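Architecture and fold: a report
Take a look at the letters that make up each chain.
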Amino acid sequence: MTRTEPRDTGDNLDALARCDNNSAPEPAARAYAQVLGVWLATRLLGFAMFVFIWTRQDMGRYQRTLEGLGRDSSMYDSSLWSYLNWWDSYWYYRLAQEGYPSVLPDNVLYANSVGESTWAFMPVFPSIVSWLSSVTGMSYFPVAVICSLIFSALMACAMYKVFRLSLNASAQRGYLNLGERSTHRIALITVLLYGLYAASPIFNTGYSEALTVLLIVLVAWCLMAERYMLLLPVALLASLTRPVGVPIGAWVGIWWVVCTINDMHTDERGMSISSFGASLKQRWGQLASALLVCSFAFIHPLHAALKTGRTDAYLATELAWSGRNVADGHHYIVQWGQGLHKSIARPLPETLYLAAALLVFALFFWWLSRRAVRAKLHPVLLIWCWCYAAYLLIFWYPQSSTIRILLPLFPLALLFALAVRKSHLLLWGTIALGVVSQAVWLYCLWYAAPAFLRLFPGASIAP
């Protein structure tokens, strides 16, 4: 993750300058108009898929599922707005209407464990939607969808900016020989591929994913641009939109460590106490910002503890979706074996599932550490991929939402774009694969569920 020397491939700064002289930069307004055009196309595709399955859906199925879980289904009807606010949107709506409970409910499915409640969800997105709903007089569901679409458009523009910064950084290090127009084209392709990811139709619904990823991308920009004061409100909002405070805190802290090491390497005194002191004096603001960002991860759990009088209220509620209990222990890393064994329900030992999961993560981390990958991503983006993947390894319980939970790994889209950019066959094949993956994801988790999820008896019923 530290700076590496350019390879001797002829991709030097002189070649880059010659290339840039022969390719005028894309005007900013036109470039962002193209980004929005591409993103609109992906969202129209997602909307068309939703409409197609909505017209063929048994709209009472979800209401019966809710009632079977002891939940109120009266807010749902047969409209498209209701359909776009299934699953977790139910909890955001309840949070907007009722707030957080002061007493943790009992679990109706699993004995001796805490039940599902709004404590598992962060307040920023439903608060924004609720406020706009009261201002405009519109009901919650359409406002939630509109907010998600607007946030996703802003996210696409922010991604485009960050991807260009990453590509330019790689070019300056001599790894890529790109002109302005090539950089624009690759960043645009990256936005397109991200918009065609299997779970990207979630940006058409009343979920908070669009706002979350937007804020994560803005954190990346703040780190790249060294805007550490602006970083604070952005990271705070991100930590209170989805439970990403832990990986963001680790990300910002590790970036400070990387910057400090780079300072010491470039200092004529080398790796010494004096060079560390000089770097610390120069970067005290960055360090203070990093420490504050780390503290943001504790705000929501502390709020839950204070309001319910139970210190583990947030953890107990998060465990509710998988029927686990705080007192049971074994909630970190090993849950990959437990969750896969329970969900797939095949006669294989948990240790085998855990070993398979650990192998997948090991291969992913090994791939990230390869020089070819490190050369193509800005160190800030690379560190985020490491931190978020490690966070999933330690804390995530594998379930039907896993594909959606991978959305914050947006830098990987840039690697795919770089891999397919020179081949029309690969590019169009990847686009087609993305469209098919969205159709399959929507069919399984929005149309056929919960019947589809009965194939996986232990899986949580949510996309």
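Only a predicted model underlies this, so the values are computations on that prediction, with no experimental measurement involved. (Residues numbered from 1 in each chain as written. Predicted model: local features only at pLDDT ≥ 70, side-chain atom pairs only at ≥ 80, totals over all residues. Heavy atoms only, no water.)

Turning to the overall build of the chain, a few remarks are in order. The secondary structure content of the chain amounts to 22 helices and zero strands. Residue burial in the chain is summarised as follows: out of 463 residues, 52% are buried. Put simply, 74% of the contacts in the chain that link residues at least 6 apart link residues at least 24 apart. Here the chain displays about 20800 Å² of accessible surface, and carbon together with sulfur accounts for 66% of that area. The average position of the 33 basic charges and that of the 24 acidic charges among the side chains of the chain differ by 6 Å. (Helix = DSSP H or I, 4+ residues; strand = E, 2+ residues; numbered from the N terminus. Buried < 20%, exposed > 50% of the residue type's maximum accessible area, 1.4 Å probe, protein only. Contact = heavy atoms within 4.5 Å. Areas by Shrake-Rupley, 256 points an atom, 1.4 Å probe, with all protein chains shown as cover. Lys, Arg positive; Asp, Glu negative; His and termini not counted. Charge placed at Lys NZ, Arg CZ, Asp CG, Glu CD.)

According to the stated counting rule, one finds 35 aromatic pairs in the structure shown. Ring centres 5.7 Å apart and planes at 75 degrees place the aromatic pair Phe121 and Trp321 in the edge-to-face group. You can see Phe121 sitting in the loop between helix H5 (88-98) and helix H6 (124-136) and its partner Trp321 sitting in the loop between helix H15 (313-320) and helix H16 (335-344), a full 200 residues away along the chain. Both residues of the pair, Phe121 and Trp321, belong to the buried class. (Phe/Tyr/Trp six-rings, centres within 6.5 Å; stacked < 30°, edge-to-face > 60°.)

Note that Tyr388 resides in helix H19 (residues 379-395). In the structure, Tyr388 is positioned 137 residues away from Trp251 in sequence and 8.4 Å away in space, judged by C-alpha atoms.

Glancing now at the pattern of salt bridges. Evaluation of the coordinates by the stated rule reveals nine salt bridges. A salt bridge links Arg404 to Asp88, with the shortest nitrogen-to-oxygen separation between them at 3.3 Å. One end of the pair, Arg404, is in helix H20 (residues 402-405); the other, Asp88, is in helix H5, and 316 residues separate them in sequence. With a relative accessible area of 9%, Asp88 lands in the buried category. (Salt bridge = Lys/Arg side-chain N within 4 Å of Asp/Glu carboxyl O.)

Quick look at the environment of Ile248 now. Looking at the secondary structure, you find Ile248 in helix H11 (residues 245-266). C-alpha of Ile248 to C-alpha of Thr430: the two residues are 182 residues apart in sequence and 30 Å apart in space. Those residues in contact with Ile248, other than ones at most four positions away along the chain, are Ile216, Ala235, Ala238, Val293 and Trp384.

The phi angle at Trp87 is positive, at roughly 55 degrees, despite the residue not being glycine. Here Trp87 is to be found in the loop between helix H4 (80-83) and H5. Positive phi values are uncommon outside glycine, yet Glu226 reaches one of about 60 degrees. Of note, Glu226 is situated in the loop between helix H9 (209-225) and helix H10 (228-239). The partly exposed category is assigned to Glu226, whose relative accessible area is 48%.

Let us now look at helix H8 (residues 180-195). Here H8 spans 23 Å end to end across 16 residues, near enough to the 22 Å set by a 1.5 Å rise per residue. Among the residues of H8, those classed as buried are Thr183, His184, Ile186, Ala187, Leu188, Ile189, Thr190, Val191, Leu193, Tyr194 and Gly195. Check the buried side of H8 and you find it contacts helix H2 (28-54), helix H7 (140-172), H9, helix H21 (411-420) and helix H22 (424-447). (Expected span 1.5 Å × (residues − 1).)

The next subject is the confidence of the model for the chain. Chain-level pLDDT for the chain is 88 on average; 91% of the residues reach the 70-or-more range. Ignoring residues within four places in sequence, the model shows residues 1-22, a span with pLDDT below 50, making 38 contacts including any to other chains. Taken together, the stretch residues 454-460 has pLDDT below 50 and engages in 14 contacts with residues farther than four places along the chain or on a different chain. (pLDDT = per-residue confidence, 0-100.)

This part covers the nonpolar core. If you look at the biggest cluster of nonpolar residues, it comprises 138 residues, and the most contacted ones within it are Tyr194, Leu223, Leu231, Ile248, Trp251, Phe410 and Trp446. The element that contributes the greatest number of residues to this core is H7, accounting for 16 residues. In this structure, Leu223 is in contact with Tyr228, Leu231, Trp251, Val252, Trp255 and Val380, ignoring residues within four places of it in sequence. (Core = buried A, V, L, I, M, F, W, Y, C linked by side-chain atoms within 4.5 Å.)

The next subject is the side chain of Arg283. In this fold, Arg283 is placed in the loop between helix H12 (273-282) and helix H13 (284-296). Setting aside its immediate chain neighbours within four residues, Arg283 contacts Glu226, Tyr228, Trp256, Cys259, Thr260 and Asp263.

Moving on, we get to the side chain of His378. Checked against the element boundaries, His378 lands in the loop between helix H18 (371-374) and H19. Taking relative accessible area as the criterion, His378 reaches 13% and is therefore assigned buried. Beyond its immediate sequence surroundings of up to four residues, His378 is in contact with Leu165, Ser166, Ala169, Met224 and Trp255.

Moving on, we get to the environment of His303. Its place among the elements puts His303 in helix H14 (residues 299-308). Accessibility expressed as a relative area gives 35% for His303, which makes it partly exposed. Distance in space between the C-alpha atoms of His303 and Phe125 is 17 Å, their sequence separation being 178 residues. His303 has contacts with Tyr100 and Trp119, leaving out every residue within four places of it along the chain.

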